[in-house]
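As a plain string of letters, each chain reads:
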Amino acid sequence: MCVTVQTIEDMLNELAPMEMAESYDNVGALVGCRDTEITGVLVALDCTMDAVQEAKRLNANLIVSHHPLMFHSRKNMLEEDAEGKILCELIRSRISLIAAHTNLDQTEYSGSACCARMLKLQNLRKEGNYLFLGELKKPVPAAELQGGISKALRFPVRCYGDGSALIHTLAIAGGADDGDWLTAKSQGAQALLTGEVRHHNALAASMSDFVLFDGGHYGTEAPLVPGLAEYLQNRINGVQCNVRVYPSQCAPFGSV
């Protein structure tokens with residue numbers, strides 16, 4: 001049995017149904033042909049030019065990215081902008097692209113859930129579509145937890161709020177979801193880890209005795225890459241097909 005772009009799209013759809021994605025999103029097969037037989041798969045957070053070159057070195061003719069290209073509508077594919085250049089290179093190199101974005105964010109393979117497991121949160125639970133909450137083994141000051149999160153994610157984390165505040169329940173909403181801090185607080189959390197903290201939310205949370213941790217959009221979502229690659233590899237192995245799935249090693253902001 002051969003594995004095609006359609007095969008991988010179906011596997012992703014079973015994990016994170018495309019209809020779960022937000023209406024503004026752009027998920028599923030985006031570039032290439034669904035009938036193309038796969039020689040290898042690269043799983044990446046973003047389909048950057050570096051990721052395309054990485055796929056070519058690995059003889060992977062499919063990239064599965066979390067963030068989609070063409071998130072906003074395009075009227076051309078000129079190489080005069082970054083996205084146009086990537087799209088043209090994908091087509092020239094005959095590399096297909098599938099995106100799993102807000103649909104994946106609602107599953108146990110999301111960046112949020114992966115971060116929670118890396119931090120060894122207990123009693124992990126989900127509130128709404130994107131918010132995951134869990135308890136620390138023991139309450140720790142926010143400043144200490146900031147260091148622990150930075151070490152676990154291998155990415156610098158900022159803390160907005162009282163560094164001495166004791167945190168025993170942490171909420172996580174990776175990426176750009178600082179607006180969920182009120183929901184997190186209502187569910188008993190003392191802090192929220194997210195990827196982008198806007199100034200007005202930092203102020204409002206601090207004045208409400210709540211702590212916001214900003215781990216960066218990349219830092220809070222990159223942890224999903226190895227797990228998603230492992231999921232796809234296990235599914236491919238299950239159909240007894242010799243196709244390798246590679247987690248991308250690209251680190252666009254100098255993280256390790």
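Residues numbered from 1 in each chain as written. Predicted model: local features only at pLDDT ≥ 70, side-chain atom pairs only at ≥ 80, totals over all residues. Heavy atoms only, no water.

Student: Could you give me a rundown of the packing of helix H2 (residues 49–57) against helix H3 (residues 82–92), with the residues and numbers involved?
Tutor: Axis separation between H2 and H3 bottoms out at 9 Å; the angle between their running directions is 15°. Of the possible angle classes, the one that applies to H2 and H3 is roughly parallel. Relative to H3, the crossing made by H2 is left-handed. Touching Met49, Val52, Gln53 and Lys56 of H2 are Lys85, Ile86, Glu89 and Leu90, all from H3. Here the contact of H2 with H3 is built from residues that sort into four nonpolar, one polar and three charged. (Axes fitted to C-alpha atoms, helices over the stretch in contact; angles between N-to-C directions. Helix = DSSP H or I, 4+ residues; strand = E, 2+ residues; numbered from the N terminus. Parallel < 35°, antiparallel > 145°, perpendicular 65-115°, else oblique. Left-handed = near helix turned anticlockwise from the far one by under 90°. Contact = heavy atoms within 4.5 Å. Nonpolar A, V, L, I, M, F, W, Y, C, P; charged D, E, K, R; others polar.)

Student: Please set out helix H7 (residues 199–207) residue by residue, giving values where relevant.
Tutor: Considered for burial, the residues of H7 that qualify are Asn201, Ala202 and Ala205. On an axial view of H7, the arc spanned by its buried residues comes to 105°, and they lie on one face. Away from its buried face, by an angle of more than 90 degrees, H7 presents the exposed residues His199 and Met207. Downstream of H7 by one or two residues, aspartate 209 has phi in the positive range, about 55°. (Buried < 20%, exposed > 50% of the residue type's maximum accessible area, 1.4 Å probe, protein only. Arc of directions from axis to C-beta.)

Student: Outline H2, supporting the account with residue identities and numerical values.
Tutor: Every buried residue of H2 is accounted for by Ala51, Val52, Glu54 and Ala55. Buried residues of H2 fall within an arc of 160° about the axis and therefore sit on the same side. Turned more than 90 degrees from where H2 packs its buried face, Asp50 and Arg57 sit exposed. Summarising the contacts, the buried residues of H2 are in contact with strand S2 (40–46), strand S3 (62–67), H3 and strand S11 (244–247). Immediately downstream of H2, the backbone of asparagine 59 shows phi near 55°, a positive value.

Student: Run through unusual backbone geometry, naming residues and quoting values.
Tutor: Backbone geometry places arginine 94, a non-glycine residue, at a positive phi of 55°. Relative to the assigned elements, arginine 94 resides in the loop between H3 and strand S4 (96–99). By relative accessible area, which is 70% here, arginine 94 ends up exposed. With phi around 55°, aspartate 209 is a residue other than glycine that occupies positive phi space. By the element assignment, aspartate 209 lies in the loop between H7 and strand S10 (211–214). The exposure class of aspartate 209 is exposed, given its relative accessible area of 71%.

Student: So what about the sheet that holds S3? Which residues, and what values?
Tutor: Strand order in this open sheet of five strands is S1-S4-S3-S2-S11, and the pairing throughout is mixed. The sheet terminates laterally at strand S1 (28–31) and S11, the two strands that pair on one side only. Taken pair by pair, the neighbouring strands of this sheet meet at an average axis angle of 25°, ignoring direction. Pairing geometry for S3 and S4, over four bridges, is parallel. The residue bridging serine 65 from the neighbouring strand is alanine 99, located in S4. Along the sheet, helix H1 (residues 5–15) makes contact with S1, S2, S3 and S4, crossing S4 at roughly 10°. Contacting S2, S3 and S11, H2 runs over the sheet at an angle of about 165° to S2. (Pairing = 2+ DSSP bridges.)

Student: Pulling in residues and values, what's your account of the state of the cysteines?
Tutor: Within the structure shown, the criterion is met by zero disulfides. Of all cysteine sulfurs in the structure, the one in cysteine 115 sits closest to cysteine 114, which takes part in no disulfide; the separation is 7.2 Å. Judged by relative accessible area, cysteine 114 falls into the buried class, the value being 9%. (Disulfide = S-S within 2.5 Å.)

Student: So what's going on with the nonpolar core? Which residues, and what values?
Tutor: Judged by nonpolar contacts, the single largest core of 51 residues is most densely connected at Ile8, Val64, Leu170 and Phe213. Here the element with the most residues in this core is helix H9 (residues 224–238); it accounts for seven residues. Apart from residues no more than four positions distant in its own chain, isoleucine 8 is found in contact with Val3, Ile38, Val41, Leu62, Val64, Ile98, Leu232 and Ile236. By size, the runner-up hydrophobic cluster in this structure holds 18 residues, among which are Leu42, Ala44, Cys47 and Leu87. (Core = buried A, V, L, I, M, F, W, Y, C linked by side-chain atoms within 4.5 Å.)

Student: So what's going on with the layout of surface pockets? Residues and values would help.
Tutor: Within this model, the second largest pocket holds a volume of roughly 340 Å³. Lining the second largest pocket are 18 residues; nearest its centre among them are His101, Asp105, Ala176, His217 and Glu221. Looking at the lining of the second largest pocket, the elements with two or more residues in it are helix H4 (111–118) and helix H8 (217–221). For the lining of the second largest pocket, the residue count by class is five nonpolar, nine polar and four charged. (1 Å grid on protein atoms, 1.4 Å probe; cavity = no way out; pocket = protein on both sides within 12 Å on 5 of 7 lines; lining within 4 Å. Points joined across faces, edges and corners; volume = space filled by probe spheres on them.)

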